[in-house]
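# Observations on the model geometry
One letter stands for each residue in the lines below.
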Amino acid sequence: DQQVKQNSPSLSVQEGRISILNCDYTNSMFDYFLWYKKYPAEGPTFLISISSIKDKNEDGRFTVFLNKSAKHLSLHIVPSQPGDSAVYFCAAIPRGTGNQFYFGTGTSLTVIP
Amino acid sequence: EPEVTQTPSHQVTQMGQEVILRCVPISNHLYFYWYRQILGQKVEFLVSFYNNEISEKSEIFDDQFSVERPDGSNFTLKIRSTKLEDSAMYFCASSGDSSGANVLTFGAGSRLTVL
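Residues numbered from 1 in each chain as written. Chains lettered and ligands numbered in written order. Predicted model: local features only at pLDDT ≥ 70, side-chain atom pairs only at ≥ 80, totals over all residues. Heavy atoms only, no water.

### Here we look at the layout of surface pockets
How we decide: Using protein atoms alone on a 1 Å grid, points that fit a 1.4 Å probe yet trap it form a cavity, whereas open point sets bounded by protein on both sides within 12 Å along at least five of seven lines form a pocket; residues with an atom within 4 Å of a point count as lining. Grid points are joined across faces, edges and corners, and a volume is the space filled by probe spheres set on the points. The numbering of helices and of strands both runs from the N terminus, where a helix is a DSSP run of H or I of at least 4 residues and a strand a run of E of at least 2. Amino acids are sorted into nonpolar (Ala, Val, Leu, Ile, Met, Phe, Trp, Tyr, Cys and Pro), charged (Asp, Glu, Lys and Arg) and polar (every other residue, Gly among them).
Counted as a void, the second largest pocket has a volume near 360 Å³. Around the second largest pocket, the lining comprises 18 residues; the ones closest to its centre are K38 and V87 of chain A together with Q37, L39 and G40 of chain B. Put simply, the parts of the chain that give the lining of the second largest pocket at least two residues each are β9 (86-94) and β11 (107-112) of chain A. For the lining of the second largest pocket, a count of residues per class yields nine nonpolar, seven polar and two charged.

Here it is as structure tokens:
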């Protein structure tokens with residue numbers, strides 16, 4: 001049961017342009033969302049998060065938008081840099097837990113110099 | 001910067017053999033996790049551990065799996081009798097320092113290959 005979905009397995013963007021990575025979820029109990037970035041041969045590293053009480057959170061070049069009615073969130077990276085090339089995972093946590101993270105399948109971002 | 005360390009980085013084993021994957025979580029973290037990623041698939045939750053006991057486990061975490069925190073620093077995942085389908089990347093993670101419990105810090109992973 002895929003409760004967190006990333007429908008685009010890959011994305012290519014020119015350096016300097018905006019990268020938009022999308023994530024959809026089905027469980028209305030999710031109330032905290034995170035994005036992780038993963039380089040080959042490394043574990044996922046935390047990038048940015050958002051609580052369900054917000055619709056936007058910004059950290060430098062990274063902004064996460066949450067649309068609760070659509071059960072959709074997105075990660076915007078602007079401007080994109082070649083070092084941003086990695087696999088990006090969306091993750092969600094159900095209300096009342098805090099232990100079990102549900103991950104999407106990931107989107108591989110390639111930023112072309 | 002504090003990190004989660006995992007050993008071994010890669011283990012090859014025969015089907016039916018026991019495997020122990022080791023992790024050293026970040027020292028002031030309180031929650032410990034194992035996740036796995038089968039090649040080309042999503043990262044899947046296996047188990048979480050808090051206060052010296054399992055707090056949650058998934059359907060994947062059946063009787064052939066066990067976790068232990070044998071001392072104050074190590075957190076291990078044991079697979080009692082490995083199957084071919086256990087071949088995956090196993091990630092240890094920890095969370096729960098004073099800044100909050102929701103951000104997982106992952107290790108680099110242990111690749112398990114079952115032949």
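On we go.
### Some words on the pairing of strand β5 (residues 45-51) of chain A
Residues and elements named next belong to chain A. Short version of the rule: Here, any two strands with at least 2 DSSP bridges between them count as paired.
Relative to β5, strand β4 (residues 30-38) runs antiparallel, the two sharing six bridges. By the bridge assignment for β5, F33 is matched with I50. Here β4 folds back onto β5, and the loop between the two strands holds six residues, one of which, A41, carries a positive phi near 65°.

### Focus: the pairing of strand β3 (residues 19-24) of chain B
Residue and element names in this part refer to chain B. Threshold: Think of it in three bands: residues with accessible area under 20% of the maximum for their type are buried, residues over 50% are exposed, and the middle band is partly exposed, with areas taken using a 1.4 Å probe on protein chains only.
Residues V19, L21 and C23 of β3 are buried on one face, while the alternating residues I20, R22 and V24, pointing to the opposite face, are not. Relative to β3, strand β1 (residues 5-7) is paired through three bridges, and the arrangement is antiparallel. Across the sheet, T7 pairs through a bridge with R22, a residue of β3. In this sheet, strand β8 (residues 75-79) lies alongside β3 in antiparallel orientation, the contact comprising five bridges. Across the sheet, the residue bridging to V19 is I79, located in β8.

### Examining the side chain of S80 of chain A
Residue and element names in this part refer to chain A. Heads up, the condition is: In the analysis that follows, any N or O atom pair within 3.5 Å is treated as a polar contact, provided that within protein one partner can donate a hydrogen and the other can accept it, and provided that, for residues neighboring in sequence, both atoms belong to side chains. Should any heavy atoms of two residues lie within 4.5 Å, those residues are considered in contact.
Looking at the element boundaries, S80 is found in the loop between β8 (72-77) and β9. Side-chain polar atoms of S80 contact the backbone oxygen of I77, separated by 3.4 Å. Not counting chain neighbours up to four residues away, the residues in contact with S80 comprise V13, Q14, E15, G16, R17, I18, S19, R61 and V111.

### Concerning the side chain of Q64 of chain B
All names here are of chain B. Assignment of secondary structure puts Q64 in the loop between β6 (53-57) and β7 (65-68). We classify Q64 as buried; its relative accessible area is 9%. A polar atom in the side chain of Q64 sits 3.3 Å from the side chain of D86. Those residues in contact with Q64 that lie beyond four places of it in its chain are K78, I79, R80, S81, T82, K83 and D86.

### Digging into the state of the cysteines
In protein structure, a disulfide is the covalent linkage between the sulfur atoms of two cysteines. Just so we agree on the cut-off: In this description, a disulfide is simply a cysteine sulfur pair whose atoms lie within 2.5 Å.
Applying the stated criterion to the full structure yields two disulfides over all chains. Across the disulfide, C23 of chain A is cross-linked to C90 of chain A (sulfur-sulfur distance 2.0 Å). For the disulfide bridge between C23 of chain A and C90 of chain A, the dihedral angle about the S-S bond is near -70°, and by the sign convention the bridge is left-handed. Taken as a pair, C23 of chain A in strand β3 (residues 19-25) and C90 of chain A in strand β9 lie far apart in primary sequence, 67 residues in all. C23 of chain A gets classed as buried once you look at its relative accessible area, which sits at 0%. There is a disulfide in this structure between C23 of chain B and C92 of chain B, and the S-S distance comes to 1.9 Å. Judged by the sign of its S-S torsion, about -65°, the bond between C23 of chain B and C92 of chain B is left-handed.

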